[in-house]
Amino acid sequence: MVRFKNRYVLCRMRFSDAPHATETTTTTKENLFAACAHQMELQFGRLGATRMRRSTVVKYYDAKYSNVFVVRCARKDVGKMKLCVTNISNVEKKSCQVRVVGVHGKLGSAKENALEHIGRLAVEDDDDDDAVEYFTRPMTRTLSLSLSL
């Protein structure tokens, strides 16, 4: 029997109403998990959400400085989790956008990268250009299917 392997998805959330005021947010890990669970059910139905929810946990959330959070999920569900997290559009009735920053195999490396990301945001006090472009452009998604017979 093989051991159960987890992945840790590092994400950053930005609220639309107050992009730089992170001190006013009252979001908790439980609220983030509820938003993830809601997206799981929307994307994959009740059965798919139940299967994914067994291993899904919000392990870390920094509400004070940068709104960076880490979600643990099963290795086979990483793509699905990235889809669910990216499609989160509101948390506690506040509109927001979420960007996946990275995927890690160990919690220690995910937290190290998260703290590095938080430190970079605290020192520079401004986002990098690609992050600003990501958060300001309209969200459009296209689905392309290719069938081979």
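Cut-offs used in this document
Every chain's residues receive numbers from 1 upward, in the order its sequence appears when written. Restriction of local features to residues with pLDDT of at least 70 applies here, the model being predicted, together with a cutoff of 80 or more for giving and counting side-chain atom pairs; totals for whole chains, interfaces and linings are based on all residues. Heavy atoms from the whole structure form the basis of all side-chain values; hydrogens and water molecules are not counted. Runs of H or I in DSSP of at least four residues are treated as helices and runs of E of at least two as strands, each being numbered from the N terminus. Every axis corresponds to a line fitted to the C-alpha atoms, with the helix fit spanning only the stretch in contact, and the corresponding angles, defined between N-to-C directions, vary from 0 to 180 degrees. These descriptions rest on fixed angle ranges, namely under 35 degrees for roughly parallel, over 145 for roughly antiparallel, 65 to 115 for roughly perpendicular, and the rest for oblique. Contact criterion: two residues are considered in contact whenever any of their non-hydrogen atoms come within 4.5 Å of each other. Each residue is assigned to one class: nonpolar for Ala, Val, Leu, Ile, Met, Phe, Trp, Tyr, Cys and Pro, charged for Asp, Glu, Lys and Arg, and polar for all the others, Gly among them. Note on definitions: salt bridges are taken to be side-chain nitrogens of Lys or Arg within 4 Å of carboxyl oxygens of Asp or Glu. Here a strand pair is declared whenever DSSP counts at least two bridges between the two strands. Only residues whose relative accessible area exceeds 30% and that form no salt bridge are eligible for patches; like-charged ones are grouped when within 9 Å, while nonpolar side chains (Val, Leu, Ile, Met, Phe, Trp, Tyr) are grouped when within 5 Å. The protein chains shown are the only cover counted for residues, whose accessible areas, like all others here, come from Shrake-Rupley with a 1.4 Å probe. Charge assignment: positive for Lys and Arg, negative for Asp and Glu; neither His nor the chain ends contribute. The atom standing in for a charge is NZ when the residue is Lys, CZ when it is Arg, CG when it is Asp and CD when it is Glu. Partly exposed residues are those whose accessible area sits between 20% and 50% of the maximum for their type, while under 20% is buried and over 50% is exposed, using a 1.4 Å probe and protein chains only.

S.K.: Quick question: what am I supposed to make of the environment of Gly108 here?
M.R.: Position of Gly108 among the secondary structure elements: in helix α3 (residues 107-124). Along the backbone, Gly108 and Tyr8 are 100 residues apart, and their C-alpha atoms lie at a distance of 9.6 Å.

S.K.: Would you explain the packing of helix α1 (residues 29-53) against helix α2 (residues 78-86) in this entry?
M.R.: Axis angle and axis distance: for two packed helices, these are the angle between their axes and the distance between the axes, and together they describe the pair. Direction vectors running N to C along α1 and α2 enclose 150 degrees, while the axes themselves pass 8 Å from each other. The orientation of α1 with respect to α2, classified from their angle, is roughly antiparallel. For the pair α1 and α2, contact is made by Cys36, Gln39, Met40, Gln43, Phe44 and Met52 and by Lys80, Met81, Leu83, Cys84 and Val85, respectively. A breakdown of the residues in the contact of α1 with α2 according to their chemical character gives eight nonpolar, two polar and one charged.

S.K.: Would you mind going over the pattern of salt bridges with me for this structure?
M.R.: Following the criterion strictly, the structure yields two salt bridges and no others. Linking Arg46 and Glu41 is a salt bridge whose minimum nitrogen-to-oxygen distance equals 3.8 Å. Among the salt bridges present, the one from Glu41 reaches Arg53, with a minimum N-O distance of 3.9 Å. Among the charged side chains, a salt-bridge network with shared partners connects Glu41, Arg46 and Arg53.

S.K.: What's the story with the environment of Met40 in this structure? I'm lost.
M.R.: Considering the arrangement of structural elements, one finds Met40 in helix α1. As a C-alpha pair, Met40 and Lys80 span 40 residues in sequence and 8.2 Å in three-dimensional space. If near-sequence neighbours (up to four positions away) are discounted, Met40 is found in contact with Gly45, Ala49, Met52, Arg53, Thr56, Met81 and Cys84.

S.K.: I'm lost on the sheet that holds strand β5 (residues 94-104) in this one. Help?
M.R.: Spatially, five strands are ordered β2-β3-β1-β5-β4 in an open sheet, and the strand pairing comes out antiparallel. Since the sheet does not close on itself, it has two edges, and those belong to β2 (57-62) and β4 (90-91), each with one partner. One ladder, built from seven bridges, connects strand β1 (residues 6-15) with strand β3 (residues 68-74); its direction is antiparallel. Across the sheet, Arg7 pairs through a bridge with Cys73, a residue of β3. Each of β1, β2, β3 and β4 is contacted by α1, which is oriented at about 130 degrees to β2, the strand it contacts most.

S.K.: I tried to follow a positive patch on the surface on my own but got confused; where do I start?
M.R.: On the surface, a cluster of positive charge is contributed by Arg51, Arg54, Lys76 and Lys80. Secondary-structure assignment places Arg54 in the loop between α1 and β2. Judged by its relative accessible area of 65%, Arg54 falls in the exposed class.

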